[in-house]
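Summary of the model geometry
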Amino acid sequence: MDCENNLVSSSRPIQPTKMEHFEDQHGKEHDSALSVNRGVSQPPTVNPHFRRVKRHRLTTDEYMKGILEGNITILSQAITLVESLLPEHYHQAQEIIERCLPHSGRSIRIGITGVPGAGKSTFIEAIGNMVTRLGHKLSVLAIDPSSERSKGSILGDKTRMETLVHNPDVFIRPSPSAGSLGGVARKTRESIILCEAAGFDVIFIETVGVGQSETAVHSMVDLFLLLQIAGAGDELQGIKRGIMEMADMIAINKADSGNERRAEIARSHFANALNLFPMPDSGWKPKVYTCSAVEGNGLPEIWNGIEDFLKFTKQNGYYQQNRNRQSKYWMYESINEALRESFYRNELIENEIERYEQLVLADRKSSFVAAKELLTLYFDSIKR
């Protein structure tokens, strides 16, 4: 009893429960010990003092000043402006490119491609850090494939290059392929010019993988490096013409501890395959290397091979000849692209193309006749 009295006396006094009144389904009032507090009024989800600040659009002079000073933020904004499809951005972007041209052309442009899983991002990170230690400034233009359904891209190359992205001498720019030029970003060549004007003397262009995009990348770089792996059935695939003929250098990646023998076998297979091809226009016989991007083995030899190739092609005149050919190629590519956009944006074509499409699907017109008639409509509308 004493314990019970002490327990009762030591506890807090019991407060009487507030009784609430409610009506049942028959309308009779009843008392209830349950009560619902009103609660605390919640603050607004949006700051009432928030004001949207209109972003200042940089002038061409401001863009040029930032680019020539190596300002990464302004360089990124300039590349975004160049990649924009908005008509109001086009003229300023072209003006920036024209003013950057005198400051460009003094970099090493290297295209890097390979089958998915060959370790392109790991390889670029490893050799990129090595290149910066040699005193170079590196720009990595990574082309990310766009979805055919959503038209979106992950742009995740930065997440795969954890150490390279924090390197102060490196600029990484992932760009969506947007379905143009077989996976190469539409404005990659212009982005190269801007990066060179910003002081980057080594440019890596990473493609989406072996496919149609390699043709476009090959037409904008000084050296084309094909990355392969051993033991994945790629030795016989690599013997096929096309991608092998474009490669100036082949590197067998993932020659890690325990895999050196398989990598060496793959190297000999590729070297034998290269002997079957005629001598390239550069006069340089492509070489095959083995490397491990994870362990760092073979990377200095690959970079030395790159420097030897550039020295050789500069001496025999192919280096400048190749760049002149590329400039001519991209002039015609730009003309073709402009004509294509002009055709599909023509108001008369927009109104008629669906009707012609239905005629073709119903087998009432052939595809070739429909195309010819649409082109006739387009050219007649221009003459008016």
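The rules behind each value
Residues numbered from 1 in each chain as written. Predicted model: local features only at pLDDT ≥ 70, side-chain atom pairs only at ≥ 80, totals over all residues. Heavy atoms only, no water. Helix = DSSP H or I, 4+ residues; strand = E, 2+ residues; numbered from the N terminus. Contact = heavy atoms within 4.5 Å. Areas by Shrake-Rupley, 256 points an atom, 1.4 Å probe, with all protein chains shown as cover. Polar contact = N/O pair within 3.5 Å; in protein donor to acceptor, adjacent residues only side chain to side chain. Salt bridge = Lys/Arg side-chain N within 4 Å of Asp/Glu carboxyl O. Buried < 20%, exposed > 50% of the residue type's maximum accessible area, 1.4 Å probe, protein only. Core = buried A, V, L, I, M, F, W, Y, C linked by side-chain atoms within 4.5 Å. Axes fitted to C-alpha atoms, helices over the stretch in contact; angles between N-to-C directions. Parallel < 35°, antiparallel > 145°, perpendicular 65-115°, else oblique. Left-handed = near helix turned anticlockwise from the far one by under 90°. Nonpolar A, V, L, I, M, F, W, Y, C, P; charged D, E, K, R; others polar. Expected span 1.5 Å × (residues − 1). Pairing = 2+ DSSP bridges. Right-handed = clockwise from strand over helix to strand, strands pointing away. Phe/Tyr/Trp six-rings, centres within 6.5 Å; stacked < 30°, edge-to-face > 60°. Lys NZ or Arg CZ within 6 Å of the ring centre and 35° of its normal.

From N to C terminus, the protein chain includes 15 helices and nine strands. A sequence separation of at least 24 residues applies to 72% of the contacts in the protein chain between residues at least 6 apart. Surface summary for the protein chain: the accessible area is close to 23,500 Å², and the carbon and sulfur share equals 53%.

The next thing to look at is the side chain of threonine 132. Inspection of the secondary structure assignment puts threonine 132 in helix H5 (residues 120–133). For threonine 132, the side chain forms a polar contact with the side chain of asparagine 167, separated by 3.1 Å. For threonine 132, the residues in contact, after removing those within four places along its chain, are Leu138, Asn167, Asp169 and Val170.

So, on to the pattern of salt bridges. Evaluation of the coordinates by the stated rule reveals eight salt bridges. The salt bridge partner of arginine 99 is aspartate 61, with a shortest N-O separation of 2.8 Å. Here the residue arginine 99 occupies a position in helix H4 (residues 87–100), and aspartate 61 occupies one in helix H2 (residues 60–68), the gap between them amounting to 38 residues. Two residues, arginine 355 and glutamate 352, come together in a salt bridge whose shortest N-O distance is 2.8 Å. One end of the pair, arginine 355, and the other, glutamate 352, are both in helix H14 (residues 347–361), three residues apart, so they sit about a helical turn from each other. On the basis of relative accessible area, arginine 355 is assigned to the partly exposed category, the value being 45%.

What follows concerns the nonpolar core. Ranked by size, the top nonpolar core spans 47 residues in total, and within it Ile67, Leu194, Met244 and Ile250 carry the most contacts. The dominant element in this core, judged by the number of residues it contributes, is helix H3 (residues 72–83), at six residues. Excluding residues that lie within four positions of it along the chain, isoleucine 250 makes contacts with Leu226, Gln228, Met244, Phe270, Leu274, Lys287, Val288 and Tyr289. By size, the runner-up hydrophobic cluster in this structure holds 33 residues, among which are Ile127, Leu227, Leu299 and Trp303.

Viewed as axis vectors pointing N to C, H2 and H4 meet at an angle of 40°, and their least axial separation amounts to 10 Å. The orientation of H2 with respect to H4, classified from their angle, is oblique. As H2 packs across H4, the resulting crossing turns out to be right-handed. Here H2 contributes Thr60, Asp61, Tyr63, Met64 and Ile67 to the contact with H4, which in turn contributes Gln92, Glu95, Ile96, Arg99 and Cys100. Residues belonging to the contact of H2 with H4 are distributed by class as follows: five nonpolar, two polar and three charged.

In a regular helix each residue adds 1.5 Å, so 28 residues correspond to 40 Å; helix H13 (residues 318–345) covers 40 Å between its end C-alpha atoms and thus fits that length. The complete set of buried residues in H13 reads Tyr318, Tyr319, Asn322, Arg323, Gln326, Trp330 and Phe343.

Remark: a regular strand shows side chains that alternate across the two faces of the sheet. Here four bridges tie strand S8 (residues 249–253) to strand S9 (residues 287–290), and the two strands are oriented parallel to one another. Pairing of alanine 251 across the sheet is with tyrosine 289, part of S9. Handedness of the S8-helix H11 (residues 260–274)-S9 crossover: right-handed.

Here we take up the packing of aromatic side chains. For the coordinates displayed, the defined rule picks out seven aromatic pairs. Here the aromatic rings of phenylalanine 171 and phenylalanine 200 are separated by 5.9 Å at their centres, their planes lie at 35°, and the arrangement is tilted. Placement of the pair is phenylalanine 171 in strand S5 (residues 170–176) and phenylalanine 200 in the loop between helix H7 (188–197) and strand S6 (202–206), with a sequence separation of 29 residues. Classification of phenylalanine 200 by relative accessible area gives buried; the value is 3%. Here the aromatic cluster, defined as three or more aromatic residues joined through ring pairs, consists of Phe343, Tyr344, Tyr378 and Phe379. The aromatic ring of phenylalanine 200 is capped on one face by lysine 137, whose charged end is 4.7 Å from the ring centroid. Between the NZ or CZ atom of lysine 314 and the centre of the ring of tyrosine 319, over which it lies, the distance is 4.9 Å.

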